[in-house]
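# Geometric and topological summary
Each chain is listed here by its residues.
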Amino acid sequence: MLALSACGSSGSSSPGAGNGGQDNGKLGDTGNGQDATAKGPVTIAGAKTGGIVTVLTLGGLTTTIDPSEVYYTDTSSILSGLITRSLTQYKYDPVKKQMILVPDLATDLGTPNDSYTKWTFTIRPGVKWEDGSPVTAKEVAWGMTRCMDAATFPTGPCQYYSNVYFKGGSSYKGPYTDPGAKYKGIKVNGSTITINMAKPFPDMPYWGTFPANGPIPLGKSASDPKTYKNHPMSTGPYMIKSFSPSKELVLTKNPNWDASTDPARTQYPDGYDFKLQQQSEKIDQILLADSGNGQTTLTYDDLLAPDFAKMQSTAPDRLTLGGTPCTYYWAPDNRKITDKKVREALSWAYPYKNNILAAGLIPGVNAIPASNLMPPGLPGRTPYNVTGRKGFQTDAAKARELLKSANALGFEIKFLFRTDDPISVKTKDSTVKALTQAGFKATPVPTTTADYVAARDNTTEDINVRSAGWCSDWPSGSTWLPTLYGSTNPDTTKSFGTNYTAFSNKSVDNKMNAIQSLPLDQQAAAWNSLDKQIATKYFPLFPTYYTGIAQAHGSKIMGDNDDNTLGMPTWKNIWISQ
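Now for a look at the structure at hand. Keep in mind that what you see is a predicted model, and the values were worked out from it rather than measured. Residue numbering note: each chain is counted from 1, following its sequence as written. For a predicted model such as this one, the threshold for reporting local features is a pLDDT of at least 70, and the threshold for listing and counting side-chain atom pairs is 80 or more; totals across whole chains, interfaces and linings nevertheless cover every residue. The side-chain values count all of the structure's non-hydrogen atoms but skip hydrogen atoms and water molecules.

## Quick notes on the sheet that holds strand E4 (residues 111-112)
Two orientations exist for strands paired in a sheet by backbone hydrogen bonds: parallel and antiparallel. To keep things clear, this is the line we draw: A pair of strands is considered paired only if DSSP assigns at least 2 bridges between the two. Starting at the N terminus, helices and strands are each numbered in turn, a helix being any DSSP run of H or I of at least four residues and a strand any DSSP run of E of at least two. Contacts were defined at the residue level, with two residues in contact if any of their heavy atoms lie within 4.5 Å. Axes here mean lines fitted to C-alpha atoms, for a helix over just the part in contact, with angles spanning 0 to 180 degrees between N-to-C directions.
Spatially, the four strands line up as an open sheet ordered E4-E5-E7-E6, and their pairing is antiparallel. In the strand order of this sheet, the two ends are held by E4 and strand E6 (186-189), each with one partner. Pairing between strand E5 (residues 118-122) and strand E7 (residues 192-196): five bridges, direction antiparallel. Across the sheet, the residue bridging to Trp119 is Ile195, located in E7. Against the sheet, helix H2 (residues 137-146) makes contact with E6 and E7, and its axis sits at roughly 175 degrees relative to E6, the strand it touches most.

Spelled out as structure tokens, the structure:
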């Protein structure tokens, strides 16, 4: 998924409030609230029915909205909030201003055995597909099995969780890659699903919130990956009317969604119109003007810094602010940049502050100085700083010294930029200038917004540094280190998955496996310790900033809060004032 102890807005070692009011020492604190007894229907006091919500965004929703593969914050959030249902889900608590883990398709949050090596879920009755047919436990099990085909869904999340934790998952190739094999780790008995684990997995209820752990229609033609990626069947309050990956996603009400079966979602608006690949400046001006359709418009992109200042002074009630559990980072390809000193030199050469300002980000609000890979507020996290760099400090002389000591002056850095995105062009120019001053040869490689993700994920692309972001899948280091550092073989695959550094170290793999076998109360500290060990010994990547959000909405949009598990709007609470 695209995306944070103590790292204040000043870059000091103490936490503090950001300019947006969020606690920058708790950005990654998504809470541990759970309500296994939550039931539908959900009503919001004063909420009205009707209207179309327009959503403007710079992004293009990648190239798939197949529940088995979505793993970015935007697509995951939109599917989970509006279109598809899974074993469990999150519900926004307006009092605590936190997301609470509640049931979804399951009647509760699941029942484990004493060792967390077996989980049982009962699928609730009355849930229907958009065509009116009932959702069955077999269809849920099929969806959970289908996503384990890593070759068919190379950027999906199951290869990091289901294939790792589910019994037999590490050897199971999936129903499309090996159609003759039968997966036996998931059992169905009537409305009950039992999952046997290869090792303890206490976080199964959190993993259950992902679209990948929901139903997929049975039958080859009904769920052909080639076509299903553009039009997954709805079980949520809204269904897809049309989808063009780089242009628009239009949702309309699902007439067969039953609110009484859903403990968190609502269906107040008549529909949603996501307009994709819009320019940031245009989005901001529409929201600042707040006229006509702009009053029923929102964005999950952050306002540019000057526009944030305007909105904060003129209409602060139309700002959505808060933390996210996310870190942005630069990922040198460790296959190509093999010298640790060169990677360290990059971390001193990188123009943090200039790029943040060029991108229109807001220091202390949605761009917070970073040290650890894992964000502040994550359980067990304590701050470290292996380079000694402070805040957004750039030091060309320090970078040049490291390059000299590595006999690597003039080392060529190749990185992508988007020619059709003015902000990307600005940050490209800033990066080239800084790298050149530090003794590197900077070679920006052009692509477009539509092609960017595919180019970045391509292991054979002629670049050696990738810009990426990562957010907690749930509040644990187990969703950071194994997914970003677990050994892969990118030389023989078409995608890095999520290991953009191509970092591969069996000793680190063994340590990660050992942590997952520790008692639960020891794991958080162990993940933090290993995070520091990796950074100190190998320095495979460096964080550029932690994130908060500075999103805006029109004056008629209600219920737009911060889903801080993803840094996205609380879709399940949104309605339009009439």
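Further notes follow.
## Focus on the packing of aromatic side chains
For the record, the criterion: Only Phe, Tyr and Trp rings take part, Trp by its six-membered ring, and two of them pair if their centres are within 6.5 Å. Stacked means planes under 30 degrees apart, edge-to-face means over 60, and tilted covers everything else. Whether a charge lies above a ring is judged from NZ of Lys or CZ of Arg, which has to be within 6 Å of the ring centre and within 35 degrees of the ring normal.
Under the definition given, this model contains 29 aromatic pairs. Through successive ring pairs, a cluster of aromatic residues spans Tyr71, Tyr160, Tyr161, Tyr165, Phe201, Trp207, Phe210, Trp470 and Trp474. Its end group placed over the ring of Phe417, Lys428 keeps NZ or CZ at 4.8 Å from the ring centre.

## Description of helix H10 (residues 396-405)
Put simply, the rule is: Residue exposure (1.4 Å probe, protein chains only): buried if accessible area is under 20% of the type maximum, exposed if over 50%, otherwise partly exposed. Starting at the helix axis, one direction is taken to each C-beta atom, and the arc is that of these directions. What qualifies as a polar contact is a pair of N or O atoms within 3.5 Å, subject to a donor-acceptor requirement within protein and to the restriction that residues adjacent in sequence count only when both atoms come from side chains.
Inspection of H10 places Ala399, Leu402 and Leu403 among the buried residues, and these make up the whole buried set. Buried residues of H10, seen end-on, are gathered within an arc of 100 degrees and therefore sit on one face of the element. Counted as exposed and oriented over 90 degrees from the buried face of H10: Glu401 and Lys404. Residues of H10 that are buried make contact with helix H8 (340-349). At the N-terminal end of H10, a side-chain oxygen is found 3.1 Å from the backbone nitrogen of Ala397, two or three residues along, and the residue is Asp395. Positive phi appears at Asn407, one or two residues downstream of H10, with a value of about 55 degrees.

## Notes on the sheet that holds strand E10 (residues 271-275)
Strand order in the open sheet formed by five strands is E8-E9-E10-E1-E11, and the pairing between neighbours is mixed. Strands with a single pairing partner mark the edges of an open sheet, and in this sheet they are strand E8 (238-244) and strand E11 (297-299). This sheet shows a mean twist of 20 degrees between the axes of neighbouring strands, independent of strand direction. As paired elements, E8 and strand E9 (residues 248-253) share six bridges and run antiparallel to each other. Its bridge partner being in E9, Ile240 is matched across the sheet by Leu251. Its contacts with the sheet place helix H6 (residues 280-289) against strand E1 (52-56) and E11, and it is angled at close to 135 degrees to E11.

## As for helix H11 (residues 422-437)
Put simply, the rule reads: A helix is expected to reach a length of 1.5 Å times the quantity of its residues less one.
The end-to-end C-alpha separation of H11 is 23 Å, in line with the 22 Å expected for 16 residues at 1.5 Å each. Looking only at H11, the buried set comprises Ile423, Ser424, Thr427, Lys428, Ser430, Thr431, Ala434 and Leu435. Buried-residue contacts for H11 involve H6, strand E12 (319-332), H8, helix H9 (352-358), strand E13 (412-418) and strand E14 (441-447). Of the residues flanking the start of H11, the one acting as N-cap is Asp421, its side-chain oxygen 3.1 Å from the backbone nitrogen of Ile423. Backbone geometry just downstream of H11 places Gly439 in the positive-phi region, at approximately 105 degrees.

## So, the packing of H6 against helix H7 (residues 305-314)
Quick reminder of the rule: Note that the term roughly parallel is reserved for angles under 35 degrees, roughly antiparallel for angles over 145, roughly perpendicular for angles of 65 to 115, and oblique for everything else. Any residue that is not Ala, Val, Leu, Ile, Met, Phe, Trp, Tyr, Cys, Pro, Asp, Glu, Lys or Arg is counted as polar, Gly included; the first ten are nonpolar and the last four charged.
Look at H6 against H7: their axes get within 10 Å of each other, and the N-to-C directions meet at 10 degrees. As the angle between them shows, H6 and H7 are arranged roughly parallel. Contact with H6, carried on its side by Asp284, Gln285, Leu287 and Leu288, involves Asp307, Lys310 and Met311 of H7 and no other residues of that element. For the contact of H6 with H7, the per-class residue count stands at three nonpolar, one polar and three charged.

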